[in-house]
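Report on the structure
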Amino acid sequence: MLRGAALRVTRPRTAVLSAVHDHPHADTDSITGAVREDLGRVSHQAVYDVLRALTAAGLVRRIEPPGSVARYEARVGDNHHHVVCRSCGAIADVDCAVGTTPCLTASNDHGFAIDEAEVVYWGLCPGCSTTSS
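Structural notes, computed from the coordinates.

What counts, and where the lines are drawn
Residues numbered from 1 in each chain as written. Predicted model: local features only at pLDDT ≥ 70, side-chain atom pairs only at ≥ 80, totals over all residues. Heavy atoms only, no water. Helix = DSSP H or I, 4+ residues; strand = E, 2+ residues; numbered from the N terminus. Buried < 20%, exposed > 50% of the residue type's maximum accessible area, 1.4 Å probe, protein only. Contact = heavy atoms within 4.5 Å. Areas by Shrake-Rupley, 256 points an atom, 1.4 Å probe, with all protein chains shown as cover. Pairing = 2+ DSSP bridges.

1. With respect to the overall build of the chain
A tally of regular secondary structure across the chain gives 4 helices and 6 strands. Helices and strands appear in the chain in the N-to-C order α-β-α-α-β-β-β-β-β-α. For the chain, the C-alpha atoms occupy an extent of roughly 45 × 45 × 20 Å along the three principal directions. Evaluated residue by residue, the chain yields a buried proportion of 33% over its 133 residues. Intrachain contacts of the chain at a sequence separation of at least 6 include 44% that bridge at least 24 residues. For the chain, the computed accessible surface area is about 8300 Å², with 51% contributed by carbon and sulfur atoms.

2. A short note on the environment of V76
Tracing the chain through its elements places V76 in the loop between β3 (71–73) and β4 (80–85). With relative accessibility at 34%, the residue V76 sits in the partly exposed group. What V76 contacts, discounting residues up to four positions off in sequence, is G58, L59, V60 and R61.

3. Things to note about the sheet that holds β3
One open sheet holds the 3 strands; their spatial order is β1-β3-β2, and the pairing between them is antiparallel. The open sheet has two edge strands, β1 (26–27) and β2 (61–63), and neither has a second partner. In this structure, β2 lies alongside β3, joined through 3 bridges in antiparallel fashion. Bridged to R61 within β3 is E73.

4. Quick notes on the environment of T105
Summarising the element assignment, T105 is placed in the loop between β5 (91–95) and β6 (120–123). For the pair T105 and E116, spaced 11 residues apart in sequence, the C-alpha to C-alpha distance is 9.7 Å.

Right, here's the structure in full:
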């Protein structure tokens, strides 16, 4: 994947990409922890730099639901959205109901060539909805 995106294959890049694949919607601290389990010592800055490069190359997607830190996922290149638990912050993928990009039509595009609509659904996950009843 790295070579296909014209990126050099390095141990940190491989470890970060693997961590993102293994931990969908993980934040940077969680990814850093997973990379440290794999490589040992690695700086937060190195992980940030790799995440930035992977995002720019289109190998990972950065999402930032309101009120949340940045999260990263390996599911890229498709039209999907997210559902976020208001209580615990769990995030899950939601396929677009329409299937085409963008799946919403703006009431006024202000001259923009819109190619994506970001939708975030909010609610309580199954675990939180049973504990709050």
